[in-house]
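Analysis of the macromolecular model
Okay, here's what each chain looks like letter by letter:
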Amino acid sequence: MPAYVVFIREKTTDQAEMDQYAQMAPTARAGHDITRLAFYGELEVLEGPPAEGVAILRFPDMAAARAWYDSPAYQEARQHRQLGADYRVLLVDGSDAAPAR
């Protein structure tokens, strides 16, 4: 079953740290089966607190998502993201069910 990592950037606090993260994060994706479904495009908050940006990454399964997130390369990049912005990051198990009509 697919799994998704959802990034919700709530507030940027240090743009230089975010720039460093943006340089390092693509390298951390190397060797992992990741599909970018949404990546900081236009968004509209329909409910809940405001958000500056949202990214949704699809992985083959929860283990693959966790392997990427826990990888040394991503952990190194993640430090800059955490210093540069307030984020919520969710790991969500997907569904093989047919889409609702």
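See the structure shown above.
Here we summarise the structure given alongside this text. Please read all numbers here as calculations on a predicted model, not as lab measurements. (Residues numbered from 1 in each chain as written. Predicted model: local features only at pLDDT ≥ 70, side-chain atom pairs only at ≥ 80, totals over all residues. Heavy atoms only, no water.)

Let's talk about the environment of Asp 96
By the secondary structure assignment, Asp 96 is in the segment after strand 4 (85-93). Apart from the residues lying within four places of it in its own chain, the contact partners of Asp 96 are Met 1 and Pro 2. (Helix = DSSP H or I, 4+ residues; strand = E, 2+ residues; numbered from the N terminus. Contact = heavy atoms within 4.5 Å.)

Remarks on the packing of helix 1 (residues 15-29) against helix 3 (residues 72-84)
Packing of helix 1 against helix 3 brings their axes to within 8 Å, and their N-to-C directions diverge by 160°. For the element pair helix 1 / helix 3, the angle class is roughly antiparallel. The chirality of how helix 1 crosses helix 3 is left-handed. Across from Glu 17, Met 18, Gln 20, Tyr 21, Met 24, Ala 25 and Ala 28 in helix 1, the residues of helix 3 making contact are Ala 73, Tyr 74, Glu 76, Ala 77, Arg 78, His 80, Arg 81, Leu 83 and Gly 84. Here the contact of helix 1 with helix 3 is composed, by residue class, of 9 nonpolar, 3 polar and 4 charged. (Axes fitted to C-alpha atoms, helices over the stretch in contact; angles between N-to-C directions. Parallel < 35°, antiparallel > 145°, perpendicular 65-115°, else oblique. Left-handed = near helix turned anticlockwise from the far one by under 90°. Nonpolar A, V, L, I, M, F, W, Y, C, P; charged D, E, K, R; others polar.)

A short note on the environment of Ser 95
With respect to the helices and strands, Ser 95 occurs in the segment after strand 4. Overall, the relative accessible area of 48% leaves Ser 95 in the partly exposed class. Note: C-alpha distance between Ser 95 and Pro 2 (93 residues apart in sequence) is 6.8 Å. Once residues lying within four places of it in the same chain are set aside, the contact partners of Ser 95 are Met 1 and Pro 2. (Buried < 20%, exposed > 50% of the residue type's maximum accessible area, 1.4 Å probe, protein only.)

A short note on the sheet that holds strand 4
Here 4 strands make up an open sheet; going across it, the order is 2-3-1-4 and the pairing antiparallel. Of all the strands in the sheet, just strand 2 (35-39) and strand 4 have a single pairing partner and so form its edges. For this sheet, the mean angle separating the axes of adjacent strands, direction not counted, is 15°. Pairing between strand 1 (residues 3-12) and strand 4: 9 bridges, direction antiparallel. Each residue of the ladder has a partner; that of Phe 7, found in strand 4, is Val 89. With respect to the sheet, helix 1 is in contact with strand 1, strand 2 and strand 4, its orientation differing from that of strand 1 by roughly 165°. Lying on the sheet, helix 3 is in contact with strand 1 and strand 4; it crosses strand 4 at an angle near 130°. (Pairing = 2+ DSSP bridges.)

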